[in-house]
Amino acid sequence: MYQITNFTDNDDVKIIAQLGAFQVVEYQRDLSVTPNSAITAYYSAQMNVKKRQLVCHLDRSPVTVQAGSMQWMLGDVNATTGIKGVGDLLGKAVRGKATGESAIKPEYTGSGLLVLEPTYKYLILLDAAEWGGGVVLDDGLFLACESSLQHKAVMRSNFSSAVAGGEGLFNLSLNGRGVFCVESDCPKEELIEITLQDDVLKIDGNYAIAWSKSLNFTVERSGKSLIGSAASGEGLVNVYRGTGKVLMMPTAKMPNI
């Protein structure tokens, strides 16, 4: 038996999203400041630069998280590697190398509470069922998911254009039914959702953060010919073709300062 006070019931902490086993809490102000940092802290709060944390309720579902993201856990919590044998270890190692994600993502089970490290990025909760049971994530965005979701590496269709476009050849896909969380440079309120029905979306840059696994994802020239691409001033673009959804940022990723 445990009791938590001055966490989510703190008037400076707000629950901004909850879905499945997850809650996203946001600190409205940074109170741990000095006179030298007070001005920065004030304007950061005004511009929505706030710390956020993912809270996982394990009594609702076991969860799988990005390696190294745990801050604290409480109650009946068991941490495992989620590996089911040598073959599974090799498969996860290959997938991790291909997608750039950690090879082994710890799985937490039990009936207690798991809280992940705070971040200034936006934590977005999504339901895989709304993506037709299969969703592909851009590199480095995965934070956590309910363990009912299976992880796979998805290879894009054309090797040569992926290399030429400076994109990775593989992406992480989550398959099945369950809720997952991604770390985004853009708040959910600004993300553009595009639904395709036997159509084509072309994006000049790495703006898409998630897309349906049912879509055929390639990197192609923006024009039908080299001359056409040169004339448009674009070059290579990311192409999503078929039926499904794409979640896209309206602006480019911000550089780390």
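Along every chain, residues carry numbers that run from 1 in the direction the sequence is written. Per-residue local features of the predicted model are confined to residues with pLDDT of at least 70, and side-chain atom pairs are confined, for both listing and counting, to 80 or more; whole-chain, interface and lining totals are unaffected and use all residues. Side-chain numbers come from the whole structure's heavy atoms, not from hydrogens or water.

If you look the chain up in an unreviewed UniProt entry, it shows as AIM24 family protein from Candidatus Faecalibacterium faecigallinarum.

Engineer: What is the right way to look at the sheet that holds strand β3 (residues 52-57) in this model?
Structural biologist: Two orientations exist for strands paired in a sheet by backbone hydrogen bonds: parallel and antiparallel. One open sheet holds the 5 strands; their spatial order is β1-β2-β3-β8-β5, and the pairing between them is antiparallel. Edge positions in the sheet fall to β1 (13-19) and β5 (70-74), since each has one partner strand and no second. The mean inter-strand angle of the sheet, taken between neighbouring strand axes irrespective of direction, is 20 degrees. Both β5 and strand β8 (residues 113-116) contribute to a ladder of 4 bridges, which runs antiparallel. Within β8, the position partnered with leucine 74 by the bridge is leucine 113. In this description, strands pair whenever DSSP reports at least two bridges between them. Note on conventions: DSSP H or I runs of at least 4 residues are helices, E runs of at least 2 residues are strands, and numbering of each starts at the N terminus. Only the stretch in contact is used when a helix axis is fitted, and all axes are lines through C-alpha atoms; the angle between N-to-C directions ranges over 0 to 180 degrees.

Engineer: How should the pattern of salt bridges be read in this particular structure?
Structural biologist: It is possible for side chains of opposite charge to pair when their charged atoms get near one another. When a carboxyl oxygen of Asp or Glu lies within 4 Å of a side-chain nitrogen of Lys or Arg, that pair is called a salt bridge. What the rule picks out here adds up to 6 salt bridges. Here aspartate 12 ties to arginine 29 by a salt bridge, and the two come within 3.2 Å at their closest N and O atoms. Here aspartate 12, found in the segment before β1, pairs with arginine 29, found in the loop between β2 (22-27) and α1 (38-46); they are 17 residues apart in sequence, far enough to count as distant. One salt-bridge network, held together by shared partners, links Glu26, Lys50 and Arg52.

Engineer: Mind showing me how you'd approach the sheet that holds strand β6 (residues 77-80) here?
Structural biologist: Strand order in the open sheet made by the 6 strands is β6-β7-β4-β11-β14-β9, with antiparallel pairing throughout. A single partner strand is all that each edge strand has here, and the edge strands are β6 and β9 (122-127). The mean inter-strand angle of the sheet, taken between neighbouring strand axes irrespective of direction, is 20 degrees. In the sheet, strand β4 (residues 63-65) pairs with strand β7 (residues 107-110) via 2 bridges, with the strands oriented antiparallel. Bridge assignment links valine 63 to a residue of β7, and that residue is tyrosine 108.

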